[in-house]
Amino acid sequence: MPVSLIPSSGRRSFLKTATLAASASAVGIASSREEPWFALLADTHVDADRKKEARGAVMAENVMRVVAEILEEAKTNGDPQFAVINGDCAYLKGLRGDYETLRPLLQPLLDSGIPIHLTMGNHDDRGPFYELFPEAETPKSEATIEKHLAIVESESANWFLVDTLQIVDNVTGEIGAKQRDWLARELDRRSGKPAIIVGHHYPQYMPEDSDARVTGITDTVEFMDLLRSKPWVKAYVYGHSHNYGFKKASGDIHLINQPPVAYLFDEKRPNGWLKAAVSATGMNITLRALDKSHPENDETKNLTWT
Ligand SMILES: [Zn+2]
């Protein structure tokens, strides 16, 4: 897998042409003077209809508000190194019309030279997604697995964007043996720096005799065993539950459950986005809730790599 390094002097112009610099190619990020930070978004659930409302949220409007907040934040703290929408970018079925509506909502970030990565959730569909985001497509020569993957190398950590979409509009997620092999190999090639894994579904350990429906990652045991076997893996960032929070998995891996940009299933929980400042020793995560009166708004959680 090639590594495309972006020269610092050409960063802006490169990002303007590469825009959504995803795909299975690794993308290098030039160092900057400001504290490096990343905008973490999940579950935008944008419908073809910009006015579509679900559970009291107008999804396109929420995306516009978050994009405006990121650009506002950039004025004081410098541009984020990238923004990521961690799955369920589309409303329910990953329709072409959904991505058609989503793309221009993200344009202000691209116009500012901020790269955007999108991962696949259970409400996405790679085919229509690639039609509207062709630059994100895994190059045919490298597409040994039908997953949408990206690696982003940054100053203090490497980011591995995985694909947990199993079947469109079916709740269960899956990494799969081929993707686990790919991830193991790529992690081994970058063992010198902390690794942060980003994927839509949450890990879910099922009791052996359970026949309940799996709503998280169906191969959680194999996936988490893999992450634990690489001690430089420090965090797994996911969405899917629409329920913001933090946990720690055995092996000292931080589990970061992002808030949704779209609607909530529990209205007491916040929606919005996360500002993640990453250093060589940890990550400070600040919640930017859409409801500025939410008690957790602007709170920072300090995670330390052990
Ligand atoms: Zn969702």
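Presented here is a report on the structure given in the accompanying data block. Note that the structure is a prediction, hence the values are computed from the model and not measured. In this convention, every chain numbers its residues from 1, walking through the sequence in written order. Confidence filtering applies because this is a predicted model: local features only for residues at pLDDT of at least 70, side-chain atom pairs given and counted only at 80 or more, and all residues used for totals across whole chains, interfaces and linings. Water and hydrogen atoms play no part in the side-chain values, which are based on all heavy atoms of the structure.

Moving on, we come to the overall build of the chain. By the criteria applied, helices consist of DSSP H or I runs no shorter than four residues and strands consist of E runs no shorter than two, each listed in order from the N terminus. Along its length, the chain carries six helices and 16 strands. A simple rule labels every residue: compare its accessible area, found with a 1.4 Å probe on the protein chains alone, to the largest value its type can have, and call it buried under 20%, exposed over 50%, or partly exposed in between. Looking at the chain as a whole, 60% of its 306 residues qualify as buried. Of the contacts made within the chain by residues no fewer than 6 positions apart, 68% connect residues no fewer than 24 positions apart. Exposure was quantified through the Shrake-Rupley algorithm and a 1.4 Å probe, taking into account, for residues, occlusion by the shown protein chains and nothing else. As displayed, the chain has an accessible area near 12,600 Å², and 49% of this comes from carbon and sulfur atoms. By the convention used here, residues are in contact when the closest approach between their heavy atoms is within 4.5 Å.

Attention shifts here to helix α3 (residues 96-111). Because an α-helix packs 3.6 residues into every turn, residues spaced three or four apart end up facing the same way. Compared with the 22 Å implied by 1.5 Å per residue over 16 residues, the 23 Å span of α3 between its first and last C-alpha is a close match. The axis of α3 is deflected most strongly, by about 35 degrees, at L105, and proline P108 appears within four residues downstream. For α3, the complete set of buried residues consists of D98, Y99, T101, L102, R103, L105, L106, L109 and L110. Of the surrounding elements, those touching the buried residues of α3 are α2 (59-77), β6 (83-86), β7 (116-119) and α4 (126-132). In the segment just after α3, G113 is the residue with positive phi, at about 80 degrees. Expected helix span is taken as 1.5 Å per residue step, with the number of steps being one fewer than the number of residues. Bend angle per residue: angle between axes fitted to the 7 residues ending at that residue and the 7 residues starting there.

Ring pairs shown here join Phe, Tyr and Trp side chains whose ring centres sit within 6.5 Å, with only the six-membered ring taken for Trp; geometry is labelled stacked below 30 degrees between planes, edge-to-face above 60, and tilted in between. One pass over the full model with this rule turns up twelve aromatic pairs. For the ring pair W37 and W273, a centre distance of 6.2 Å and an interplane angle of 40 degrees mean the geometry is tilted. Taken together, the positions of W37 in strand β3 (residues 37-41) and W273 in strand β14 (residues 272-278) put the pair 236 residues apart, joining distant regions of the chain. Judged by relative accessible area, W37 falls into the buried class, the value being 0%.

By size, the foremost hydrophobic cluster in this structure holds 33 residues, and its most contacted members are L102, L106, L118 and F133. At the level of elements, β3, α2, β6, α3, β7, α4 and β14 are the ones that each hand at least two residues to this core. If one sorts the elements of this core by residue count, α3 sits on top with six residues. Excluding residues that lie within four positions of it along the chain, L102 makes contacts with V46, I85, C89, L118 and F133. Counting 25 residues, the second-largest nonpolar core is a separate cluster that includes I151, A184, M224 and Y238. Residues belong to a common nonpolar core when they are buried Ala, Val, Leu, Ile, Met, Phe, Trp, Tyr or Cys residues joined through side-chain atoms within 4.5 Å.

Our focus in this paragraph is the coordination of the zinc ion. Within the protein, D43 (OD), H45 (NE2), D88 (OD) and H242 (NE2) serve as the donor atoms for the zinc ion, at 2.1 to 2.4 Å. Each of the four donor atoms bound to the zinc ion contributes to angles spanning 88 to 172 degrees, and the resulting shape is irregular. Sites may look incomplete because water is not among the atoms; the donors themselves are N, O and S atoms within 2.8 Å of the metal, or within 3.2 Å for Na, K and Ca. Sequence positions of the residues that donate to the zinc ion give the spacing D-x1-H-x42-D-x153-H. Of the two residues, D43 is situated in the loop between β3 and β4 (53-54) and D88 in the loop between β6 and α3; the sequence distance between them amounts to 45 residues. Residue classification places D88 among the buried positions, given a relative accessible area of 2%. Under this scheme a four-donor centre is tetrahedral when all angles range from 85 to 135 degrees, a four-donor centre is square planar and a six-donor centre octahedral when opposite donors are above 155 degrees with the rest from 65 to 115, and any other centre is irregular.

Moving on, we get to the pattern of salt bridges. Here, a salt bridge means any Lys or Arg side-chain nitrogen found within 4 Å of an Asp or Glu carboxyl oxygen. Throughout the structure, instances matching the rule amount to 17 salt bridges. Notably, a salt bridge pairs R190 with E153, separated by 2.6 Å at the nearest N-O pair. Taken together, the positions of R190 in the loop between α5 (177-188) and β10 (195-198) and E153 in strand β8 (residues 150-153) put the pair 37 residues apart, joining distant regions of the chain. Of the residues examined, E153 reaches a relative accessible area of 17% and is grouped as buried. Close ionic contact of E186 with R190 constitutes a salt bridge, the shortest N to O distance being 2.8 Å. One continuous salt-bridge network, built from bridges that share partners, spans E73, K275, R288 and D298.

A few words on the packing of α2 against α3. Here an axis means a line fitted to C-alpha atoms, over the contact stretch when the element is a helix, while the angle between two N-to-C directions is reported on a 0 to 180 degree scale. At a minimum axis distance of 9 Å, the contact between α2 and α3 shows a crossing angle of 5 degrees. Viewed along their axes, α2 and α3 adopt a mutual orientation that is roughly parallel. Where α2 approaches α3, its residues A60, V63, M64, V67, I70 and L71 are matched on the opposing element by L105, L106, P108 and L109. The classification used treats Ala, Val, Leu, Ile, Met, Phe, Trp, Tyr, Cys and Pro as nonpolar, Asp, Glu, Lys and Arg as charged, and all other residues, Gly among them, as polar. For the contact of α2 with α3, the class distribution of residues is ten nonpolar, no polar and no charged. We call two directions roughly parallel when the angle between them is under 35 degrees, roughly antiparallel when it is over 145, roughly perpendicular when it lies between 65 and 115, and oblique otherwise.

Below, the discussion takes up the sheet that holds strand β15 (residues 282-289). Whether parallel or antiparallel, the strands of a sheet pair through hydrogen bonds between backbone atoms. Taken together, six strands build an open sheet; the order of strands is β7-β6-β3-β14-β15-β16 and the sheet is mixed. Here the strands that pair on one side only, and so sit at the sheet edges, are β7 and β16 (300-304). Each strand axis lies, on average, 20 degrees off the axis of its neighbour in the sheet, ignoring direction. What makes two strands pair is DSSP finding at least two bridges between them. Direction of pairing for β3 relative to β14: antiparallel, over a ladder of four bridges. Looking across to β14, one finds that W37 is bridged to A277.

Moving on, we get to the pairing of strand β12 (residues 245-249). For a regular strand, side chains alternate in direction, first toward one face of the sheet and then toward the other. One ladder, built from five bridges, connects β12 with strand β13 (residues 253-257); its direction is antiparallel. Looking at the pairing, K248 lines up with H254 of β13. In this antiparallel pair of consecutive strands, β12 and β13, the connection spans three residues, and G251 shows a positive phi of 90 degrees.

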